[in-house]
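Spelled out from the first residue to the last, the chains are:
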Amino acid sequence: MKFLEANLARVFICRLDYESDLLESIRRFAEEKGINAAVFSALGALKNASLAFYDQKTKKYVKEKISRPLELLSCIGNIAKIDGKTVVHAHIVVSDSEGRAYGGHLDVETIIFSCELFLTELRGINLKRKYDKTTGLNLFMFE
Ligand code: ZN
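First things first, this report covers the structure right here in the doc.

The rules behind each value
- Residues numbered from 1 in each chain as written.
- Predicted model: local features only at pLDDT ≥ 70, side-chain atom pairs only at ≥ 80, totals over all residues.
- Heavy atoms only, no water.
- Disulfide = S-S within 2.5 Å.
- Buried < 20%, exposed > 50% of the residue type's maximum accessible area, 1.4 Å probe, protein only.
- Helix = DSSP H or I, 4+ residues; strand = E, 2+ residues; numbered from the N terminus.
- Contact = heavy atoms within 4.5 Å.
- Pairing = 2+ DSSP bridges.
- Donors = N, O, S within 2.8 Å, 3.2 Å for Na, K, Ca; no water.
- Salt bridge = Lys/Arg side-chain N within 4 Å of Asp/Glu carboxyl O.

As a further point, take the state of the cysteines. In the structure shown here, the tally under the stated rule is zero disulfides. Free cysteine C75: the closest other cysteine sulfur is in C115, separated by 6.8 Å. When its relative accessible area of 0% is taken as the criterion, C75 is described as buried. Residue classification places C115 among the buried residues on the basis of a relative accessible area of 2%.

Our next topic: the environment of I79. As for its placement among the helices and strands, I79 is situated in strand 4 (residues 70-82). On a C-alpha basis, the gap between I79 and I112 in space is 19 Å, while along the polypeptide they are 33 residues apart. Once you skip the residues sitting within four places of it in the chain, I79 turns out to touch I26, A30, N36, A37, A38, F40, T86, V87, V88, L119 and L127.

Pairing analysis gives four bridges linking strand 8 (residues 128-131) to strand 9 (residues 138-141), with the strands arranged antiparallel. Each bridged residue has a counterpart across the sheet, and for Y131 the counterpart in strand 9 is N138. The antiparallel pairing of strand 8 with strand 9 creates a hairpin that spans six residues between the two strands, and G136 there sits at a positive phi of about 80°.

Backbone geometry at K59 places phi at a positive 60°, although glycine is not the residue there. The topology assignment puts K59 in the loop between strand 2 (38-55) and strand 3 (60-66). In this structure K59 comes out as partly exposed when scored by relative accessible area, which is 35%.

Looking now at the coordination of the zinc ion. Around a metal, the ideal angle is 109.5 degrees if four donors adopt a tetrahedral arrangement and 90 or 180 degrees if six donors adopt an octahedral arrangement. Every protein donor of the zinc ion is accounted for by H89 (NE2), H91 (NE2) and H105 (ND1), and the metal-donor separations fall at 2.0 to 2.1 Å. Within one chain, the residues serving as donors to the zinc ion are arranged as H-x1-H-x13-H. Taken as a pair, H91 in strand 5 (residues 85-95) and H105 in strand 6 (residues 101-106) lie far apart in primary sequence, 14 residues in all. Given the relative accessible area of 17%, H105 is considered buried.

A few words now on the pattern of salt bridges. Taken as a whole and judged by the stated rule, the model has ten salt bridges. The partner of R10 in a salt bridge is E121, with the nearest N and O atoms 2.8 Å apart. Of this pair, R10 sits in strand 1 (residues 7-15) while E121 sits in strand 7 (residues 111-123), and the two are 111 residues apart along the sequence. A residue is classified by how much of its surface remains accessible, and E121, at 4% relative accessible area, is buried.

Moving on to the environment of K130. Following the sequence through the fold, K130 ends up in strand 8. For the pair K130 and D83, spaced 47 residues apart in sequence, the C-alpha to C-alpha distance is 8.4 Å.

Structure below.
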């Protein structure tokens, strides 16, 4: 296992905007605040969700859209950089009106009904991602 040791910095408590895109809202906020590395969690409700499942054989994301109101039971993620660009990586668990749960990798076009975000900035590290041939994913890079 490779690791970095970071210090906790600013903590942001946010109410995300109605009908905004969950992934894009977090990414834009991080850019506006000059955040290079962070961890976050969120909960609320969604108008719809776009999830993805990473197929380990084809090394491609298989996307699934759920086009109805959902509870956002849990969203956890982190923020890092790829070639200087801000990258938000998050996974979510949602539930429908009958309590059925669905989960996956958070994709764009997941639209917020309401959302509470707690975001903790990490300082003292340079958290970067880099393409990894073995998995086909952009994994944390440790120099
Ligand atoms: Zn993922």
